[in-house]
Amino acid sequence: MSSATQACKAVTVPLLDLRAQYATIRDEIRAAVDAVLESQQCILGPAVTECEEKLAVYCGCVHAVTVSSGSDALLISLMAEGIGPGDEVITTPYTFFATAGSIARAGAKPVFVDIDPQTFNIDPAQIEAKISPRTKAIMPVHLYGQCAEMEPIMEIAGRRGIPVIEDAAQAIGAEYKGRRAGSIGRYGCFSFFPSKNLGAAGDGGLVTTNDADLAERLRVLRVHGSKPKYYHPMIGGNFRFDAIQAAIVSVKLRYLDRWTAGRQANAARYRRLFAAAGLGEDGSVQLPYEVPGNRHIYNQFVIRAVRRDELQAHLKQLKIGNEVYYPVPLHLQECFAYLGLREGDLPHSEAAARGTLALSIYPELSDEQAEYVVASIAGFYGK
Ligand SMILES: *Cc1c(COP(=O)(O)O)cnc(C)c1O
């Protein structure tokens, strides 16, 4: 093959390649699923308990209660606090919908605080001004796999006696000053949606806590508020995690640190490639900011890019996977129009929604693929 032909050889870059990951663990997953099927204990049971014990250790928490999804993890935590109509919960508008959606589903009002433009996480300096007598919780999100600035958040919450519910759906294993995501607030909420760093083969979620009474309350709420069976001291829901999913998550948890190391290595490689291409210092793109001392697990590698929409179209044409997380900040979503917020109210979130782009960062991404991504971006900016 001539070098010219080689240069034209099509490299495709999916945003995420779960089949590449599955190929490496197929036998173990199948054996684990088979064991659950043979046992026919498919709802809660030993596979779920075992998975919870391992997750508690991994997350640095005393208790881990698996649930039906990350969204339900948030909802059940709000329910455990008795949060409902008339209450307010402070959160960020620059996140996946479920964060604020869970607050509204509980019947409470989401109160949005703008983000720090450098980290994309909630700006702690703006929280205090949004606290009212109705504020019943603060729900920071550890966006893209990096923890929010938890120390000032915990300080404000502690002084006011308000619980903190961490939305750690994108941040399993992330650390803030040596502490694991989900172990700092009163609750840590995680998701096993397949595109998260620890994904099931379907939906699933987790709530972590260090409080034994709260863990018990979560376990009761998970089964319709029933304790003992058919007696209902409270109203819960069906928030159970499937045993088959638990068996799969238990297998994948053994590989999580290896995969995280792969994502971190990919991020470091992108930084080298972008620098070598002269991108960055020219202002065309801005690479993700890693707060010193944090363990960033890179659920996403999100850049800011000049002429983002055009760059996105260019990459799509070249079959280079990418995504905008998230194109519309939550305060401007149609379903939250009743909150009365307008364009311009939360400017850093709005600017992030207009200017960011996620690139492939999954552990199996090859040198060739990463080089192609950066070369294509360099080409777009005429480098
Ligand atoms: C994925 C995600 C959720 C919801 O998790 P599901 O398991 O999809 O319900 C909540 N918050 C954030 C920040 C997420 O990324």
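That block above? That's the structure.
Remember, it's a predicted structure, so these values are computed and weren't measured experimentally. (Residues numbered from 1 in each chain as written. Predicted model: local features only at pLDDT ≥ 70, side-chain atom pairs only at ≥ 80, totals over all residues. Heavy atoms only, no water.)

## Digging into the side chain of Thr-356
Next, step 1: Note on placement: Thr-356 falls in strand β13 (residues 356-359).
Next, step 2: Only 2.8 Å separates the side chain of Thr-356 from the side chain of Tyr-94, close enough to count as a polar contact.
Next, step 3: Not counting chain neighbours up to four residues away, the residues in contact with Thr-356 comprise Tyr-94, Phe-120, Tyr-144, Val-302, Ile-303, Arg-304, Arg-308, Val-324 and Tyr-325. (Helix = DSSP H or I, 4+ residues; strand = E, 2+ residues; numbered from the N terminus. Polar contact = N/O pair within 3.5 Å; in protein donor to acceptor, adjacent residues only side chain to side chain. Contact = heavy atoms within 4.5 Å.)

## Remarks on the pairing of strand β8 (residues 187-191)
Next, step 1: In terms of residue burial, β8 counts as a mostly covered element, since five of its five residues are buried.
Next, step 2: What you see with β8 is no split at all: Tyr-187, Cys-189 and Ser-191 on one side and Gly-188 and Phe-190 on the other are buried throughout.
Next, step 3: Bridge count for strand β5 (residues 165-167) against β8 is three bridges, and the pairing is parallel. Bridged to Ile-165 within β8 is Tyr-187. (Buried < 20%, exposed > 50% of the residue type's maximum accessible area, 1.4 Å probe, protein only. Pairing = 2+ DSSP bridges.)

## As for the packing of helix α4 (residues 70-80) against helix α7 (residues 212-221)
Next, step 1: Contact geometry for α4 and α7: axes closest at 10 Å, N-to-C directions at 115 degrees. By crossing handedness, the relation of α4 to α7 is classed as right-handed. Here Ile-76, Ser-77, Met-79 and Ala-80 of α4 come into contact with α7, specifically with Arg-217, Leu-218 and Leu-221.
Next, step 2: Taken together, the residues of the contact of α4 with α7 break down into five nonpolar, one polar and one charged. (Axes fitted to C-alpha atoms, helices over the stretch in contact; angles between N-to-C directions. Left-handed = near helix turned anticlockwise from the far one by under 90°. Nonpolar A, V, L, I, M, F, W, Y, C, P; charged D, E, K, R; others polar.)

## Notes on unusual backbone geometry
In terms of backbone geometry, most residues other than glycine have negative phi values and most peptide bonds are trans.
Next, step 1: Cis geometry marks the peptide bond from Lys-227 to Pro-228; its omega dihedral reads -10 degrees.
Next, step 2: As for its position among the elements, Pro-228 is in the loop between α7 and α8 (243-253).
Next, step 3: Of note, the bond from Tyr-325 into Tyr-326 is cis; its omega dihedral lies within 30 degrees of zero at 15 degrees.
Next, step 4: As for its position among the elements, Tyr-326 is in the loop between β12 (322-323) and α11 (347-355).
Next, step 5: In this structure, Tyr-144 is a non-glycine residue whose phi angle is positive, near 65 degrees.
Next, step 6: Turning to its location among the elements, Tyr-144 is positioned in the loop between β4 (135-139) and α6 (150-160).
Next, step 7: By relative accessible area, which is 4% here, Tyr-144 ends up buried.

## Observations concerning the site of the ligand
Next, step 1: Near the ligand there are 15 residues, and of these Gly-70, Ser-71, Asp-167, Ser-191 and Lys-196 occur at the shortest range.
Next, step 2: Contacts to the ligand include Ser-71, whose side-chain N or O atom sits 2.5 Å from an oxygen atom.
Next, step 3: At a separation of 2.8 Å, an oxygen atom of the ligand approaches a polar side-chain atom of Gln-170.
Next, step 4: The protein chains hide 93% of the 380 Å² of surface that the ligand would expose on its own.
Next, step 5: Elements represented by at least two residues in the shell around the ligand include exactly α4 and α5 (98-105).
Next, step 6: Residue classes in the shell around the ligand are distributed as five nonpolar, eight polar and two charged. (Near = heavy atom within 4 Å. Areas by Shrake-Rupley, 256 points an atom, 1.4 Å probe, with all protein chains shown as cover.)

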